[in-house]
Amino acid sequence: APQFYRAEGRAAFLLIIGKCYPGLVPMQKFSDLVERFALAVLLIGGAGMVTAMFLGAGDVVGTQFFGWPIPGVLEITESTMTLIVFGALAYAQIRRNHIRVELIYSHMGPRTRAAMDVAANVAAIIFFGFLLSEAIAEGMTSWRIRETADGLIQFPLYPARWILISGTVMLLLQLGLHTIQDLGRVSSGEELEERDDLPPIPGLPDLPDPNSFDRKP
């Protein structure tokens, strides 16, 4: 039931916004599209992490107990780490779950916090923009020479470089969307809307809010 009401409320909100500010609806749809892609890449990264875990455990067991190491584990794990890290960046930004120090931030007013968020977004856009430019150059070179890892298995490395590029592009898109949103907060003085850490999973009931439980002194 709560998920139904949230969906109905969001639909009504978008309907009102669409009538008052027609230009914001395409941006909201674009934001939803970026979130879906980011979640898909996050799930793929999770599958890659599980794969790396089983391969690493199997390699240790095989080497220590049977003397049969699994060939190519190091090369596969190196590429998988790129998927795990850069596949999660955009979704973590969507949830605003990146680590940040709030020693001063938490004592400021809504407009000041929004301005600080804008400054952080711009700094991140500049940093990851430079990273993207270098990653594209390296990715093109890796693709042209069909770069492979030096090991027992000639594992290709250029897919991992393009995963890095894709993850960085999605992060930059989300940073741009957040910058627009935070600039609106600077103007309106609204508080930042808190989002759940994880999206609702169909078929499962809503978990209770841990802050709703009574705590004994």
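Residues numbered from 1 in each chain as written. Predicted model: local features only at pLDDT ≥ 70, side-chain atom pairs only at ≥ 80, totals over all residues. Heavy atoms only, no water.

J.: Honestly, the environment of L152 in this entry has me stumped. Any pointers?
T.: Along the polypeptide, L152 turns up in the loop between α4 (110-145) and α5 (158-188). By relative accessible area, which is 78% here, L152 ends up exposed. Distance in space between the C-alpha atoms of L152 and G72 is 6.2 Å, their sequence separation being 80 residues. Excluding residues within four positions of it along the chain, L152 makes contact with P71 and E75. (Helix = DSSP H or I, 4+ residues; strand = E, 2+ residues; numbered from the N terminus. Buried < 20%, exposed > 50% of the residue type's maximum accessible area, 1.4 Å probe, protein only. Contact = heavy atoms within 4.5 Å.)

J.: I tried to follow the nonpolar core on my own but got confused; where do I start?
T.: Nonpolar side chains in soluble globular proteins tend to be buried together. One finds F86, L89, A124, F128, L132, A135, L164, I165, L171, L172 and L175 forming the largest nonpolar core, which totals eleven residues. Contributing elements (two or more residues each) for this core: α3 (73-94), α4 and α5. Excluding its chain neighbours within four sequence positions, the residues that come into contact with I165 are L132, A135, I136 and G139. A90, Y91, I94 and M170 belong to the second largest nonpolar core, which has five residues in total. (Core = buried A, V, L, I, M, F, W, Y, C linked by side-chain atoms within 4.5 Å.)

J.: I keep staring at the side chain of S142 and nothing clicks. Help me out?
T.: In this fold, S142 is placed in helix α4. On the basis of relative accessibility, which here comes to 2%, the residue S142 falls in the buried class. Ignoring sequence-local partners within four residues, the contact set of S142 consists of E147, L157, Y158 and R161.

J.: Where do I start with the confidence of the model for the protein chain in this structure?
T.: Low pLDDT means the predicted coordinates in that region are not meant to be read closely. Per-residue confidence for the protein chain gives a mean pLDDT of 78, with 76% of residues at or over 70. The weakest mean pLDDT in the protein chain belongs to helix α1 (residues 2-20) at 45; the strongest belongs to α4 at 93. When the criterion is pLDDT under 50, residues 1-21 qualifies, and its contacts beyond four places in sequence or with other chains add up to 15 contacts. (pLDDT = per-residue confidence, 0-100.)

J.: What exactly am I supposed to notice about α4 here?
T.: Each α-helix turn comprises 3.6 residues. Residues three or four places apart therefore point the same way. For α4, which comprises 36 residues, the first-to-last C-alpha distance of 51 Å matches the rise-based estimate of 52 Å (1.5 Å per residue) to within 8%. Taken as a whole, α4 has its buried residues at R113, A114, D117, V118, N121, A124, F128, L132, A135, G139 and S142. Elements that come into contact with the buried residues of α4 comprise α3 and α5. Just past α4, the residue R146 takes up positive phi, approximately 50°. (Expected span 1.5 Å × (residues − 1).)

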